[in-house]
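Tertiary structure, described
Okay, here's what each chain looks like letter by letter:
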Amino acid sequence: MGRVLPGQTIGILGGGQLGRFMGIEARLMGFKTVVLDPTAGCPASQVCDKHIQAALDDEKAALELARLSDVVTLEWELIPMQTLAAVEAVKPLFPSSKVIRNIQDRLAQKDFLYKSGFPQTPYAAVSNMEELRAAVKKLGLPCILKRRTHGYDGKGQFRIKTEDDIPKAVQALEAPCVLEATVAFEREISVLLAIGTDGQSRAFPIAENVHKDGILFSTLAPARVPMPRSDEALVLAERVGQALGHVGVMAVEMFQKKDGSLLINEIAPRVHNSGHYTLGGCATSQFEQHLRAVGGLPLGPTVIESPVVMINLLGDLWKNGEPRWEKLTGQPGVKLFLYGKAKAAPGRKMGHFLFIGDPPDGPLAHAQRLYERLL
Ligand code: AMP
């Protein structure tokens, strides 16, 4: 594939906040964008040149998107395979359907990691009560049952603490699942990197993440992971990306155990919530980097000038109406990002803010206090 240059069009499958930031960066870089998403007024439609309002499994609509685009990408790994195949038959698609096939299904993803020899949590495929009982016996308690597909942000997961939880778990998820041993981790990190169409890659500073109820709450970058462990994480993520044959930005989420060793938790073959700190915190944002990668352009520098904290703003904050942003926005080092979603709902990602700086009380504690001003 040749280069996609300013003035040409990038097609985006999925129009949430990730597509929105791609659209904004594309416009800054001089590209045109077209987005496919079923929701009128979705976050990306507000910033892209064209919105094709149709379901993500509508092949005719996907072909229309491909016809209008010079290269197509996605903001979500759960785009139906037939949509990806339809697009790929006529235009370059990054990441390719082959990459996504290894990711969409949690079991396929874990099998891929296993076959490639990457460290991960012990797991077992489970599709009924007997298999679950056997898997719990093998992996031990506590453990986590996860749906193989369509589970994200902690949805489609059930934590099994005692034998009594087994029937409840089967009832709650009633779908093919994967059982994982619970990891007593010291910290969670993610490595975000971009791989270009020429195979060259560049990583961002490692992100350190805190999840609450399975949803990302905060990211600190750079992560507090000293050498040589940080290098090990970077090498691991790079090897995963190359083994997948990925093109574009991707995130490899990892658990760091108390002994310092690393286990891969999940691969996201796309721009990622834990990389939001790069938009404002790094020389090149993950969104710009992704567009450079899928467009066949040289990758940008990823240096970070100072520590950055990102805190997600979930719909729960809207329970008494619009939050009082003035309590936050006047504070030094703060950048607020809102996604233009029409309706707030508990657990729904509505926006995030960055705190950029290195205050005496530490960036994480400082950002937490800023967040509390909104409560
Ligand atoms: P996931 O969607 O699978 O990444 O899970 C969301 C979050 O739940 C993770 O970021 C962890 O905080 C937690 N979690 C998931 N799987 C495990 C596990 N096997 N052990 C411990 N915590 C987990």
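Residues numbered from 1 in each chain as written. Predicted model: local features only at pLDDT ≥ 70, side-chain atom pairs only at ≥ 80, totals over all residues. Heavy atoms only, no water.

Secondary structure assignment for the chain yields 12 helices and 17 strands. Taken over the C-alpha trace, the chain has a radius of gyration of 20 Å; the compact-globule value for 375 residues is 21 Å, and the two agree within 12%. Overall, the chain is about 60 × 55 × 45 Å in size when its C-alpha atoms are taken along their principal axes. Residue burial in the chain is summarised as follows: out of 375 residues, 55% are buried. Put simply, 61% of the contacts in the chain that link residues at least 6 apart link residues at least 24 apart. On the chain, roughly 16100 Å² of surface is accessible, and the fraction owed to carbon and sulfur atoms is 52%. The average position of the 43 basic charges and that of the 40 acidic charges among the side chains of the chain differ by 2 Å. (Helix = DSSP H or I, 4+ residues; strand = E, 2+ residues; numbered from the N terminus. Rg over C-alpha atoms; globule rule 2.2 N^0.38 Å. Buried < 20%, exposed > 50% of the residue type's maximum accessible area, 1.4 Å probe, protein only. Contact = heavy atoms within 4.5 Å. Areas by Shrake-Rupley, 256 points an atom, 1.4 Å probe, with all protein chains shown as cover. Lys, Arg positive; Asp, Glu negative; His and termini not counted. Charge placed at Lys NZ, Arg CZ, Asp CG, Glu CD.)

Before going further, it helps to examine the packing of aromatic side chains. Tallied over the entire structure, the rule returns 6 aromatic pairs. Ring plane angle 90 degrees and centroid distance 5.8 Å describe the contact between Phe21 and Tyr339, whose orientation is recorded as edge-to-face. Separated by 318 residues along the polypeptide, Phe21 in helix 1 (residues 17–29) and Tyr339 in the loop between strand 16 (334–338) and strand 17 (349–356) bring together distant segments of the chain. Residues Phe21 and Tyr339 agree in their burial class; the two are buried. Plain terms: the ring middles of Phe217 and Tyr371 are 5.1 Å apart, the flat faces sit at 80 degrees to each other, and that makes the pair edge-to-face. On the criterion of sequence distance, the pair formed by Phe217 in strand 12 (residues 215–221) and Tyr371 in helix 12 (residues 363–372) is long-range, its members being 154 residues apart. The exposure classification of Phe217 matches that of Tyr371, with both residues buried. An aromatic cluster is defined as three or more aromatic residues linked by ring pairs; in this entry it consists of Phe21, Phe287, Phe337 and Tyr339. One cation-aromatic arrangement involves Lys212 over Phe217; the distance from NZ or CZ to the ring centre is 3.7 Å. (Phe/Tyr/Trp six-rings, centres within 6.5 Å; stacked < 30°, edge-to-face > 60°. Lys NZ or Arg CZ within 6 Å of the ring centre and 35° of its normal.)

This paragraph deals with the nonpolar core. Ranked by internal contacts, the top residues of the largest apolar core, which has 39 residues, are Tyr277 and Phe287. Among the elements of the structure, strand 1 (9–13), helix 1, strand 9 (185–195), strand 12, strand 13 (248–257), helix 10 (286–294) and strand 15 (308–314) are those that each provide at least two residues to this core. Other than its neighbours up to four places away in sequence, Tyr277 contacts Phe204, Pro205, Ala207, Thr219, Ala221, Cys282, Ile304, Val308, Met310 and Leu354. Val191, Leu193, Ala237 and Leu244 belong to the second-largest nonpolar core, a separate cluster that totals 23 residues. (Core = buried A, V, L, I, M, F, W, Y, C linked by side-chain atoms within 4.5 Å.)

Okay, the domain arrangement of the chain next. Assigned domains within the chain: domain 1 (9–93), domain 2 (122–181) and domain 3 (185–372). On a C-alpha basis, the centres of domain 2 and domain 3 stand 28 Å from each other. On the side of domain 3, 5 residues touch domain 2, which itself brings 4 residues to the contact. Around 330 Å² of area is buried between domain 2 and domain 3 when both sides are counted, 34% of it from carbon and sulfur atoms. For the pair domain 2 and domain 3, the interface holds 0 salt bridges. At the boundary of domain 2 with domain 3, the tally comes to 0 residue pairs in polar contact (both at pLDDT 80 or more). Looking at the side of domain 2 that touches domain 3 residue by residue, the classes come out as no nonpolar, 1 polar and 3 charged. (Domains from an automatic or database assignment. Buried area = accessible area lost by both parts, 1.4 Å probe. Salt bridge = Lys/Arg side-chain N within 4 Å of Asp/Glu carboxyl O. Polar contact = N/O pair within 3.5 Å; in protein donor to acceptor, adjacent residues only side chain to side chain. Nonpolar A, V, L, I, M, F, W, Y, C, P; charged D, E, K, R; others polar.)

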